[in-house]
Amino acid sequence: MKLGLIGQHIQKSKSPQLHELLGQKLNINTTYELFDCELDNEQALLALLNELKQRGYRGVNVTHPYKVWAWNIVQRKFKTSERLGALNTLLIDGDTLRGTNTDCSGFVRAYRKACPMPKPGKVLMKGAGGVGRAIAFGLGQLEVEHLYIYDEQPASLQALLSDLQQAGVPCSAIHAQELTSCARACDGLVNATPVGHYTTPGAAFTPEQVQQQRWVFDAVYTPVKTEFIALAQQQDMSVISGFELFIHQGVDAYEHFADCPVDSETLRGEISAE
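None of these values were measured; they are calculated from a predicted model.

Quick notes on the overall build of the protein
Working step 1: On a plain count of helices and strands, the protein comes out with nine helices and twelve strands.
Working step 2: Computed over C-alpha atoms, the radius of gyration of the protein comes to 18 Å, within 12% of the 19 Å expected from 2.2 N^0.38 for 274 residues, which places it in the range of a compact globule.
Working step 3: For the protein, the residues scored as buried account for 54% of the 274 residues in total.
Working step 4: Within the protein, residue pairs in contact and separated by at least 24 positions form 70% of the contacts whose partners lie at least 6 positions apart.
Working step 5: For the protein, the accessible area works out to roughly 12200 Å², and carbon and sulfur atoms hold 46% of it.

Here you go:
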C-alpha cells in the first residue's frame, strides 16, 4: 500500500515511521513518502493527487497549508467531516476522491486520554486555519462551554465562526488587545498556528497569558516541547502535545487507508517524540 504526506516544511515528519510501523503490525506492506512542495493553487494540488493516483498510491495525508484546498476539491466527504471545511486524509485510488479529517477525531481521543476533566470549559484558541477548524469541531464534540477564537485573517475567522454557529458550538471572535484578559479567564488554551514550529520559532502565548488554566494543547510537534508547552508544564497544567495528536490522527488515518480497525496501544513505546 503506497501512502504519502503533502505539505510544506515536513522533512522532520514522523509520518513515514508511524504508517510503516502500523503496516508491519497489520502485515500490510506499506510505504510512505513525503511530498514537501509549494503549490500555487487548488488545481496544482488536484494535479499532484491525480499524478499519485496514476503511480498507484492508495491515499495521502495533507498538512499545512493545503487542508482547506483539499476540502474544496474532494468530491465525497465522510459523514464525520461534513462541516469541517478542511481535510487531512484523502483516498485517491478510486473513481472519486474521498476525504475525512482525523485531526478532529484524533484531538478528541488525545484530550480524553490526557485530561481528567470531562469537559474542556471555556477555551481560547489561536488559529482558524485547517487544524484550527478540526480542533474547534473536536471541542464542540467535547461540549466546550465557550470557544473564543483569535486569528489575523478575518475571512478565515468569520468563515469558521459561521460554520461552528451552524453546528451549535458556542463561540465568538476576540481582538488582539483582549488576548491576555480572555486567556486568564479560560480553562484551556489552544495553539492552532505554526508558531513554535522549528521553522517559525516563538511562543504562541506569553507568560502573562499562560496563567491559572487547567489544560493546554499545542498542535505543533516539531519540536514536541514548544515554548508554550514549557510554560504550561512549569505550572503543572494538563498538557496535550502535538505529538499526541499526531499519533491519534495517524492511527485514525491508517484505519481509513487500510479499511480495518487499528489499536493505538500497539504503538506504545515504539514511536519516539524526539
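Some thoughts on helix 1 (residues 15-25)
Working step 1: If you check which residues of helix 1 are buried, you get Ser 15, Pro 16, Leu 18, His 19, Leu 21, Leu 22 and Gly 23.
Working step 2: Residue Asn 27 follows helix 1 closely and has a positive phi angle near 60°.

Description of the sheet that holds strand 8 (residues 146-150)
Working step 1: In spatial order, the strands read 9-8-7-10-11-12; together these six strands make up an open sheet with parallel pairing. Looking at which strands have only one partner, the edges of the open sheet turn out to be strand 9 (171-173) and strand 12 (238-240). This sheet shows a mean twist of 15° between the axes of neighbouring strands, independent of strand direction.
Working step 2: Both strand 7 (residues 122-126) and strand 10 (residues 188-191) contribute to a ladder of four bridges, which runs parallel. Paired with Met 125 across the strands is Val 190, a residue of strand 10.
Working step 3: Sitting on the sheet, helix 4 (residues 102-114) is in contact with strand 11 (215-218) and strand 12, with an inclination near 155° to strand 12.
Working step 4: In the packing of helix 6 (residues 154-166) onto the sheet, the strands contacted are strand 7, strand 8 and strand 9, and the crossing angle to strand 9 comes to about 165°.

Let's talk about the sheet that holds strand 5 (residues 89-91)
Working step 1: Spatial strand order, 2-1-3-5-6-4: six strands in an open sheet with mixed pairing. The open sheet has two edge strands with one neighbour each: strand 2 (31-36) and strand 4 (76-77).
Working step 2: Both strand 4 and strand 6 (residues 98-100) contribute to a ladder of two bridges, which runs parallel. The residue of strand 6 that forms the bridge with Arg 76 is Arg 98.
Working step 3: Of the strands in this sheet, strand 1 (2-7), strand 2 and strand 3 (57-62) touch helix 1, which is tilted by about 160° from strand 2.

Thresholds applied
Residues numbered from 1 in each chain as written. Predicted model: local features only at pLDDT ≥ 70, side-chain atom pairs only at ≥ 80, totals over all residues. Heavy atoms only, no water. Helix = DSSP H or I, 4+ residues; strand = E, 2+ residues; numbered from the N terminus. Rg over C-alpha atoms; globule rule 2.2 N^0.38 Å. Buried < 20%, exposed > 50% of the residue type's maximum accessible area, 1.4 Å probe, protein only. Contact = heavy atoms within 4.5 Å. Areas by Shrake-Rupley, 256 points an atom, 1.4 Å probe, with all protein chains shown as cover. Pairing = 2+ DSSP bridges. Axes fitted to C-alpha atoms, helices over the stretch in contact; angles between N-to-C directions.

This is a description of form; function is not addressed.
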